[in-house]
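Residue-level listing of the chains:
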Amino acid sequence: MLTVLTPADYQRTRWKNGQGWTTELAVRPASGRFDWRVSIADVDADCEFSTFPGVDRSILVLSGEGLLLQVGAEPPVTLRTGGEPLAFPGDVPAHARLIGGPTRDFNVMTRRGVFEHTLSIRPLDERLVLEQPAGSGWLIHVASGRAEVDAHHVAAGECALAEPAGITGQQLSLRGSGVLVLVRICLPSH
């Protein structure tokens, strides 16, 4: 089943460490310790990211000039608007340094051993088909433009959510024009 999520469905909360704000687009379960969470964070100053033991994370920059993200002892990675996402373990301390002002960042977190995820950004300029085998689902965020996802209209800033389900062989058909953020959420080894 496909659900369209609008800003009225989102929840704005403080970061776990209190240094910033995030807007939760979808989280399961909705209360208590999450198994997966998709959000957009507003980063308006250099800061430490909250740590999430046992969680795998991915981030990409939606707007702004970008940031340098240092995860643990690794060299800093430059993240730019529309660029490739960065995956990293939530257990490891991470520090963000803004390149030229505030950014909006798209974040995905999955509890290790419970779910896995992939994160990508791409233009929607022709028909796109997403496979949804058993144990997997999609969250499709329309960053700009508009999309039609299996006959559901999804505007900029909205999401289409196909929950990870036990149904085999489903496909999602997308049409429209704009930029999409695609999050695949699946059970381990799917």
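Structure's up top.
Bear in mind that the values here come from a model prediction, so they are computed numbers and not experimental data. (Residues numbered from 1 in each chain as written. Predicted model: local features only at pLDDT ≥ 70, side-chain atom pairs only at ≥ 80, totals over all residues. Heavy atoms only, no water.)

**Q** Hey, could you go over the sheet that holds strand E7 (residues 67-71) for me, with residue numbers and the actual values?
**A** Pairing in this open sheet of four strands is antiparallel, and the strands run E5-E10-E7-E8 from one edge to the other. Edge strands, defined here as strands with exactly one partner in the open sheet, are strand E5 (47-48) and strand E8 (77-79). Both E5 and strand E10 (residues 94-98) contribute to a ladder of two bridges, which runs antiparallel. Paired with Cys47 across the two strands is Ala96, which belongs to E10. (Pairing = 2+ DSSP bridges. Helix = DSSP H or I, 4+ residues; strand = E, 2+ residues; numbered from the N terminus.)

**Q** Quick rundown of the side chain of Asp105? Include the residues and the values.
**A** Structurally, Asp105 is set in strand E11 (residues 103-111). The buried charged residue Asp105 lacks any salt bridge partner; its closest oppositely charged side chain belongs to Arg104, at an N-O distance of 8.3 Å. Ignoring anything within four residues of it in the chain, the contact list for Asp105 reads Ser39, Ile40, Ala41, Val43, Ile59, Leu60, Val61, Leu62 and Leu67. (Buried < 20%, exposed > 50% of the residue type's maximum accessible area, 1.4 Å probe, protein only. Lys, Arg positive; Asp, Glu negative; His and termini not counted. Salt bridge = Lys/Arg side-chain N within 4 Å of Asp/Glu carboxyl O. Contact = heavy atoms within 4.5 Å.)

**Q** Just give me the short version of the pairing of strand E3 (residues 21-28), but keep the residues and values in it.
**A** Among the eight residues in E3, six count as buried, and that is most of the element. Counted along the chain from strand E2 (residues 11-14) to the antiparallel partner E3, the turn is six residues long, and its residue Gly18 has a positive phi close to 80°. Pairing geometry for E3 and strand E4 (residues 36-43), over seven bridges, is antiparallel. Counterpart to Glu24 in the pairing with E4 is Ser39.

**Q** Any chance you could break down the sheet that holds E11 for me, citing the residues and the numbers?
**A** If you trace the six strands from one edge of the open sheet to the other, you get E2-E3-E4-E11-E6-E9, paired in antiparallel fashion. The open sheet has two free edges, formed respectively by E2 and strand E9 (86-89), since each of these has just one partner strand. Looking at each pair of strands side by side, their axes are set apart by 30° on average, direction ignored. Across four bridges, the pairing between E2 and E3 is antiparallel. If you follow Arg12 over to E3, its bridge partner there is Thr23. (Axes fitted to C-alpha atoms, helices over the stretch in contact; angles between N-to-C directions.)

**Q** Residues and numbers for the packing of aromatic side chains, please.
**A** For the structure on display, the rule yields one aromatic pair. The interplanar angle of 55° and the centroid separation of 5.9 Å between the aromatic rings of Phe34 and Phe52 together place this pair among those described as tilted. Of this pair, Phe34 sits in the loop between E3 and E4 while Phe52 sits in the loop between E5 and strand E6 (55-63); the two residues are 18 residues apart in sequence, bridging distant segments of the chain. Note on accessibility: Phe34 and Phe52 belong to one class, buried. (Phe/Tyr/Trp six-rings, centres within 6.5 Å; stacked < 30°, edge-to-face > 60°.)

**Q** How would you sum up the pairing of strand E14 (residues 136-149)? Please name residues and give values.
**A** When E14 meets strand E17 (residues 170-186), the two strands line up antiparallel, connected through 13 bridges. Bridged to Trp138 within E17 is Arg184. Across four bridges, the pairing between E14 and strand E15 (residues 152-155) is antiparallel. Residue pairing across strands places Ala147 opposite Val154, the latter belonging to E15.

Take it as geometry only, folks, not as evidence of what the structure does.
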